[in-house]
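The primary structure of each chain is shown beneath.
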Amino acid sequence: MKCKINRNAAKVLKKMLENEEAEGKMIRVYVTHLHGDHAHYDIELDTPTENDEVVKTDKDIDIILEKGNEYLDGIWIQYFYVPEEEMVITNSSMGMHH
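All values derive from a computational prediction rather than experimental measurement. Note on numbering: residues in each chain are counted from 1, in written sequence order. The predicted nature of this model means local features are confined to residues of pLDDT at least 70 and side-chain atom pairs, given and counted, to a pLDDT of 80 or more, with totals for whole chains, interfaces and linings taken over all residues. Heavy atoms throughout the structure, all of them, feed into the side-chain values; hydrogens and water do not.

### Side note on unusual backbone geometry
As a reminder of what qualifies: Numbering of helices and strands runs from the N terminus; a helix is a DSSP stretch of H or I covering at least four residues, while a strand is a stretch of E covering at least two.
Note that the residue after valine 82, namely proline 83, is joined by a cis bond; omega there is 0°. As for its position among the elements, proline 83 is in the loop between strand E6 (75–80) and strand E7 (86–90). The phi dihedral of aspartate 60 is positive, around 60°, even though this residue is not glycine. By the secondary structure assignment, aspartate 60 is in the loop between strand E4 (52–56) and strand E5 (62–66).

Rendered as structure tokens:
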């Protein structure tokens with residue numbers, strides 16, 4: 001499975017991982033809603049299970065993804081400061097929604 005992170009998102013995720021409650025945990029991206037051809041995503045701190053795959057990214061952050069979930073394979077995690085600060089997760093192979 002694949003996952004990309006932009007530089008801004010990497011900064012925000014690294015900050016999340018530096019919090020005390022994040023000790024021993026990793027970033028998980030999961031599907032919150034499915035809408036036919038696309039999904040909506042969210043992020044949480046979690047530990048991987050046998051149903052997960054830990055994906056290494058080029059930003060030195062490992063991401064937990066549920067194995068075999070086609071909506072998670074190929075996601076792109078981006079963080080924008082304008083027009084507002086927000087995390088945007090898209091999967092171009094499954095429509096361009098977040």
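### A closer look at the packing of aromatic side chains
To be explicit about the condition: In this scheme Phe, Tyr and Trp rings, the latter by its six-membered ring, pair at centre separations within 6.5 Å, and the angle between planes marks the pair as stacked below 30 degrees, edge-to-face above 60, and tilted otherwise. Throughout this description, buried means an accessible area under 20% of the type-specific maximum (1.4 Å probe, protein chains only), exposed means over 50%, and partly exposed covers the range between.
Inspection of the entire model under this criterion finds one aromatic pair. Their ring planes at 70° and their centres at 5.1 Å tell us that tyrosine 79 and tyrosine 81 sit as a pair that is edge-to-face. The class of tyrosine 79 is buried, set by a relative accessible area of 10%. Judged by its relative accessible area of 39%, tyrosine 81 is partly exposed.

### Some thoughts on the pattern of salt bridges
Opposite charge on two side chains lets them pair, provided their charged atoms get close. Quick reminder of the rule: Salt bridge criterion: a side-chain nitrogen from Lys or Arg within 4 Å of a carboxyl oxygen from Asp or Glu.
Under the counting rule described, the total for this entry stands at five salt bridges. When the shortest N-O distance is used, the salt bridge between arginine 28 and glutamate 44 registers 3.9 Å. Of the two residues, arginine 28 sits in strand E2 (residues 26–35) while glutamate 44 sits in strand E3 (residues 38–46), which places them 16 residues apart along the sequence. A residue is classified by how much of its surface remains accessible, and glutamate 44, at 32% relative accessible area, is partly exposed. Taking the shortest distance from any N to any O, the salt bridge between aspartate 52 and arginine 28 comes out at 2.7 Å. Note that aspartate 52 is positioned in strand E4 and arginine 28 in strand E2, a separation of 24 residues in sequence. Shared partners join several salt bridges into a network, and the residues in it are Arg28, Glu44, Asp46 and Asp52.

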